[in-house]
Amino acid sequence: MPTFQTSPGTRDILPPDAARWRQFNAIFADTVEAAGYGCIIPPIFEDATVFHRIGEATDVVSKEMYDFEDKGGRHVSLRPEQTASVCRAFAQHRPTTPWKVWYTGPNFRYEKAQAGRYRQFDQVGIEALGVHDSDLDVEVIALAWKFYQRLGLSNVQLVINSLGDDGDRARYVDALRQYLQSHQDALTPEARQTLERNPLRVLDSKRQGDLDVIASAPTIKAFLSVEANEHFEKVLTGLRALAIPFTQNEYLVRGLDYYRRTSFEFVSTALESAQNAIGGGGRYDGLVQSLGGPDTPGIGFALGLDRTLLACDAEGVFGAPKSSVDVFVVDVIDGTHALAVTNNIQDAGYSADRAFDGRSMKAQMKSADRSGARFAIIIAQDEVASGSYTIRDMASAQQQLVAKSDLVEFLTRNLGKRTPRRSPS
Ligand code: AMP
């Protein structure tokens, strides 16, 4: 057993899987930038109070924050999510609205670590601030949907609900509390505890005893204001117009307290139910104000990168890319030719790797094979004497002599044209 191991709930993402993460982020960026979202990079830790605005009663704040006092006596926290940071940034910089941003990066929650649930996990997400229009809700949901489709996922369900406005939600929570209190005896001890803190969270319980009580609990629909109801109907009409299938679930409340009106979740039916939520979001019309900004509506989503990739694995889509270089240089003289030629090939826009430590021809050819390179360039005394390279096609094992000056032309003919890697002139 090595001396050090990653901490519980954290993992090393090794190649080639890390390349898949980068592709994931690139596809996400491309999808949302096409709709006018710009990248934001908030700090990874902030004043802990920023995250308290997520809701004191939420598990995320009350149990899972990685917060501590820094050397200057400030109470800071690693971010458990990024929506609060984006709203804090909005309140701090006051950009013109609509303000549409996207992000990616790690978040931290002290959770019970298990498959698909980590203490450090990544999310990609978007936030759009300053717009009440229900068309924006549709745009936001449609972008997540499009992204899943681009990954190749087909077993994703969109579950949607409206939590109404502030007053609606408060009246509903009262009614729900009353109902659950009157059925306390049938609830599990865990649910009874949750009821004390946050009645809405009881609806998330998957325990059998609780499910029976939840089945007859009042639903939010009856408490929605006319405006909230109208807004929700328009969102549903927009989703139908874009042919995005959805399921309505009046008990969908989501973990974070700041949601208002539209609230949604993406569930992978290819995963076990304990970890099948692969993304979620909604409106949070009061959050910016609670962070000291102007009264500004907002909506967004966060998709769990780790878990979405588990869903990809379960569906057999979006696998890790094959890592290979174009060319592997085998220099059996002293390595100085390899040094120059790999450098030239890289500058010309192709990728090239080589062997080190003056290894034998046989060992270097083995490395060339393992590298997955399309071609090996072999440099021995004969090649140096004739000013050329022996180029071996690794698949067909055919070899040919190519003049040094024709190397880039050879690569262009066989691998296609590439953009040279040079500093801008
Ligand atoms: P939330 O920020 O809680 O709304 O979560 C949004 C998405 O992030 C979830 O649907 C999950 O896919 C992912 N997620 C949240 N917490 C974790 C975690 N501890 N480990 C892995 N993924 C997570």
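These remarks concern the structure in this document. Keep in mind the model is a prediction, meaning the values are calculated, not measured.

## Observations regarding the side chain of Asp122
At step 1: Secondary-structure assignment places Asp122 in strand 6 (residues 120-129).
At step 2: Although buried, Asp122 forms no salt bridge, and the nearest oppositely charged side chain, Arg79, lies 6.9 Å from it.
At step 3: Every residue in contact with Asp122, bar those within four places of it in the chain, is listed here: Trp21, Gly105, Pro106, Asn107, Leu303, Gly304, Leu305 and Asp306.

## Focus on a nonpolar patch on the surface
At step 1: Taken together, the side chains of Val332, Ile333, Met361 and Val384 define a hydrophobic patch exposed on the protein surface, amounting to about 260 Å² of accessible area.
At step 2: Relative to the elements of secondary structure, Ile333 occurs in the loop between strand 12 (327-331) and helix 13 (336-347).
At step 3: Taking the relative accessible area as the measure of exposure, Ile333 reaches 31% and is therefore partly exposed.

## Some details on the layout of surface pockets
At step 1: Roughly 190 Å³ of volume is contained in the second largest pocket.
At step 2: For the second largest pocket, the full set of lining residues is His132, Asp165, Asp166, His231, Arg260, Arg261, Arg283, Asp285, Gly286, Asp295, Thr296 and Pro297.
At step 3: Partitioned by chemical class, the residues of the lining of the second largest pocket number one nonpolar, four polar and seven charged.

## Here we look at the pattern of salt bridges
At step 1: What the rule picks out here adds up to 19 salt bridges.
At step 2: Taking the shortest distance from any N to any O, the salt bridge between Glu139 and Lys100 comes out at 3.0 Å. Remark: Lys100 occurs in strand 5 (residues 99-108) and Glu139 occurs in helix 5 (residues 134-151); sequence separation between them is 39 residues.
At step 3: Put simply, Asp17, Arg20 and Asp313 are held in one network by salt bridges that share partners.

## Describing empty space enclosed by the protein
At step 1: Scanning all chains against the criterion turns up one cavity of 30 Å³ or more.
At step 2: The calculated volume of the largest cavity comes to roughly 40 Å³.
At step 3: In terms of lining, the largest cavity is formed by Asn161, Ser162, Ile220, Lys221, Leu224, Phe232, Gln248 and Glu250.
At step 4: Classifying every residue of the lining of the largest cavity gives three nonpolar, three polar and two charged.

## A word on unusual backbone geometry
At step 1: Looking along the chain, the bond that leaves Pro15 and enters Pro16 is cis, with omega of 0°.
At step 2: By the element assignment, Pro16 lies in the segment before helix 1 (17-33).
At step 3: Here the bond from Thr97 into Pro98 is cis, since omega is -5°, no more than 30 degrees from zero.
At step 4: Secondary-structure assignment places Pro98 in the loop between helix 4 (83-93) and strand 5.
At step 5: Phi angles above zero are rare outside glycine, and Arg261 is one such case at about 50°.
At step 6: Residue placement: Arg261 occurs in strand 9 (residues 260-268).
At step 7: Owing to a relative accessible area of 15%, Arg261 belongs among the buried residues under this scheme.

## Brief notes about the sheet that holds strand 4 (residues 75-78)
At step 1: Taken together, three strands build an open sheet; the order of strands is 2-4-3 and the sheet is antiparallel. The open sheet terminates on both sides in strands that have one partner only, identified here as strand 2 (45-47) and strand 3 (67-69). Along the sheet, successive strands turn relative to each other by an average axial angle of 35°, direction set aside.
At step 2: With three bridges joining them, strand 2 and strand 4 adopt antiparallel strand pairing. When the sheet's bridge partners are listed, Phe45 is paired in strand 4 with Leu78.

## Structural notes on the sheet that holds strand 16 (residues 399-403)
At step 1: Taking strand neighbours across the sheet as the criterion, the five strands line up as 13-12-14-15-16 in an open arrangement whose pairing is mixed. The open sheet has two edge strands, strand 13 (352-354) and strand 16, and neither has a second partner. Across the sheet, the mean angle from the axis of one strand to that of its neighbour is 30°, orientation sign disregarded.
At step 2: Most of the contacts of helix 13 go to strand 12, to which it runs at about 160°, and overall it touches strand 12, strand 13, strand 14 (375-379) and strand 15 (388-393).

## As for the environment of Gly319
At step 1: Positionally, Gly319 belongs in the loop between helix 12 (305-315) and strand 12.
At step 2: Classification of Gly319 as partly exposed rests on a relative accessible area of 47%.
At step 3: Once the C-alpha coordinates of Gly319 and Pro189 are considered, the two residues, 130 residues apart in sequence, prove to be 42 Å apart.

Rules behind the numbers
- Residues numbered from 1 in each chain as written.
- Predicted model: local features only at pLDDT ≥ 70, side-chain atom pairs only at ≥ 80, totals over all residues.
- Heavy atoms only, no water.
- Helix = DSSP H or I, 4+ residues; strand = E, 2+ residues; numbered from the N terminus.
- Buried < 20%, exposed > 50% of the residue type's maximum accessible area, 1.4 Å probe, protein only.
- Lys, Arg positive; Asp, Glu negative; His and termini not counted.
- Salt bridge = Lys/Arg side-chain N within 4 Å of Asp/Glu carboxyl O.
- Contact = heavy atoms within 4.5 Å.
- Patch = residues over 30% accessible without salt bridge, like charges linked within 9 Å, V, L, I, M, F, W, Y side chains within 5 Å.
- Areas by Shrake-Rupley, 256 points an atom, 1.4 Å probe, with all protein chains shown as cover.
- 1 Å grid on protein atoms, 1.4 Å probe; cavity = no way out; pocket = protein on both sides within 12 Å on 5 of 7 lines; lining within 4 Å.
- Points joined across faces, edges and corners; volume = space filled by probe spheres on them.
- Nonpolar A, V, L, I, M, F, W, Y, C, P; charged D, E, K, R; others polar.
- Pairing = 2+ DSSP bridges.
- Axes fitted to C-alpha atoms, helices over the stretch in contact; angles between N-to-C directions.

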